[in-house]
Amino acid sequence: MLDLIIRNAKLSEFGDLRDIAIEDGKIRAIESQVLAEGVEVIDAEGCLVTPPFIDSHFHMDATLSYGQPRINQSGTLLEGITLWGELNPTQKVDDFRVRALEFCHWSIAQGVLGLRSHVDVTDKNLIAVEALLDVREKMKSYIDIQLVAFPQNGFLRSPGAKQNLLQALEMGVDVVGGIPHFERSMSDGAQSVRQLCEIAADKGLLVDMHCDESDDPWSRHIETLCAETTRLGLEGRVAGSHLTSMHSMDNYYVSKLMALMAEADMQVIANPLINITLQGRHDTYPKRRGMTRVKELIENDINVAFGHDCVMDPWYSFGSHDMLDVAHMGLHVAQMTSVEQTQSCFEAVTDNAAKVMQLENYGIAPGKNADLVILDCGSIFDAIRLRPARLHVVRRGQIISTTKRSKPSVTIEGNIREVDFRL
Ligand code: FE2
């Protein structure tokens, strides 16, 4: 017995409209017409149906703290760090929990059903870890949440960070994080990469490091991350987040680095909204964009995802967790305007991000999880151009969010006309 049929769905790989039949939380069939009676039906009316959005790089411990204890007036990283230093010690477990749960509602409304969040483990009480583990459990039927043990103030630089990180992993945090460019020296950075990769190899965990989030072309910890990945047999299980120094590196060196990254099956996560606002701040003009070499990485068959990184926190005051905002910014910053590149930017917030998180049964095909989003548009091109309403968000065959379609009415010389921005 079917649970749900989505009729007249536009799927990017088919020219005509299809019906999607859902049973027991899985997609059972995708056909020109599914015949069934007494089953709940959504008529997609030709709208695009996609797998859910996946955000592979986020910080849920800081999100939605905008204005606490005050607004970041200058909008700079330095004031953001000061602000977090004031706010963080005052936070209780429940403060983290309440903000993160609210954020999950935002994510679901935007069709984001997979989320990898870093959580700071340099606080000795690990209360953010406790809160986010609780949120992961509470929300597991709705969003796949992965947590990364992130030694935000440095794995070697911050006293007790190693013990805290190991304890966070014992408590159930999923992924080993790091921040080698923030250690005191290049050699400490390399040492932190080695030790953290060994912890992951020992425990059979994935790795995701904030790596080379810098405009310094000599910040080359990605090289060590690749070498350690290969040495420890972690290929495909390690992600380099940000990698902004690659933007400023010498082209000859990058040609060597790309081969190392491909060999390690390095997963790359760029964060276009944050990279374009934080990088290049010491430049006058010309001002660097600071995002890693997305186009070239994709051309070298390296998996690239885009993350949102922050929403309304001390470092970034903007955002509503719309991954189409991220794809839109990524496309512009990387100048990826061809038809194929536009598709790649969409994949960076869907399929590629799901690959980073190693999500199983992801995608729109028979046998996959019935997790999908109906967008108020007819194509991937329009999805990025318009960032339209998520009309329905479906998780394991259940509708968990709906948004009404809205069109503006324009009055010219007494004539009222609805405007439709869709192609
Ligand atoms: Fe981050």
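Residues numbered from 1 in each chain as written. Predicted model: local features only at pLDDT ≥ 70, side-chain atom pairs only at ≥ 80, totals over all residues. Heavy atoms only, no water.

Describe the coordination of the iron ion, with residues and values.
Looking at the iron ion, one finds its protein donor set to be H57 (NE2), H59 (NE2), H210 (NE2) and D309 (OD), positioned 2.2 to 2.4 Å from the metal centre. Around the iron ion sit four donor atoms; with metal-centred angles ranging over 85 to 175 degrees, the donor geometry is irregular. Sequence spacing of the donors to the iron ion: H-x1-H-x150-H-x98-D. Within this pair, whereas H210 is found in strand β10 (residues 206–211), its partner D309 is found in the loop between β13 (304–306) and α10 (323–333), the two being separated by 99 residues in sequence. (Donors = N, O, S within 2.8 Å, 3.2 Å for Na, K, Ca; no water. Tetrahedral: all angles 85-135°; square planar, octahedral: opposite > 155°, others 65-115°. Helix = DSSP H or I, 4+ residues; strand = E, 2+ residues; numbered from the N terminus.)

Describe the sheet that holds strand β16 (residues 398–402), listing the residues and the values that go with them.
Whenever strands of a sheet pair, they do so through backbone hydrogen bonds, lying parallel or antiparallel. Strands sit in the order β5-β14-β15-β16 across an open sheet of four strands; the sheet is antiparallel. Both edges of this open sheet fall to β5 (48–50) and β16, since each of them pairs with a single strand only. Sheet twist, expressed as the average angle between the axes of neighbouring strands with direction ignored, equals 20 degrees. (Pairing = 2+ DSSP bridges. Axes fitted to C-alpha atoms, helices over the stretch in contact; angles between N-to-C directions.)

If you had to explain helix α4 (residues 161–171) to someone new, which residues and values would you point to?
Within the sequence span of α4, burial applies to A161, N164, L165, A168 and L169. Down the axis of α4, the buried set is contained in an arc of 140 degrees. They therefore lie on one face. Residues Q163 and E170 are exposed on α4 and point more than 90 degrees away from its buried face. Where α4 terminates, the next one or two residues include G172, which has phi positive at roughly 120 degrees. (Buried < 20%, exposed > 50% of the residue type's maximum accessible area, 1.4 Å probe, protein only. Arc of directions from axis to C-beta.)

Which residues make up the domain arrangement of the protein chain, and what values go with them?
When its domains are assigned, the protein chain resolves into domain 1 (4–51 + 363–402) and domain 2 (53–357). Placing the centre of domain 1 and that of domain 2 at their C-alpha centroids yields a distance of 30 Å. Contact residues are listed per partner, giving 18 residues for domain 1 and 22 residues for domain 2. When the buried surface of domain 1 facing domain 2 is broken down by residue, I384, R390 and R395 rank first, second and third, together holding 39% of it. Linking domain 1 with domain 2 are four salt bridges. A salt bridge links R395 to D144; the shortest N-O distance between them is 3.2 Å. In this structure, the connection of domain 1 to domain 2 is made through seven residue pairs in polar contact (both at pLDDT 80 or more). Among the residues forming the side of domain 1 that touches domain 2, the class breakdown is 11 nonpolar, two polar and five charged. (Domains from an automatic or database assignment. Contact = heavy atoms within 4.5 Å. Buried area = accessible area lost by both parts, 1.4 Å probe. Salt bridge = Lys/Arg side-chain N within 4 Å of Asp/Glu carboxyl O. Polar contact = N/O pair within 3.5 Å; in protein donor to acceptor, adjacent residues only side chain to side chain. Nonpolar A, V, L, I, M, F, W, Y, C, P; charged D, E, K, R; others polar.)

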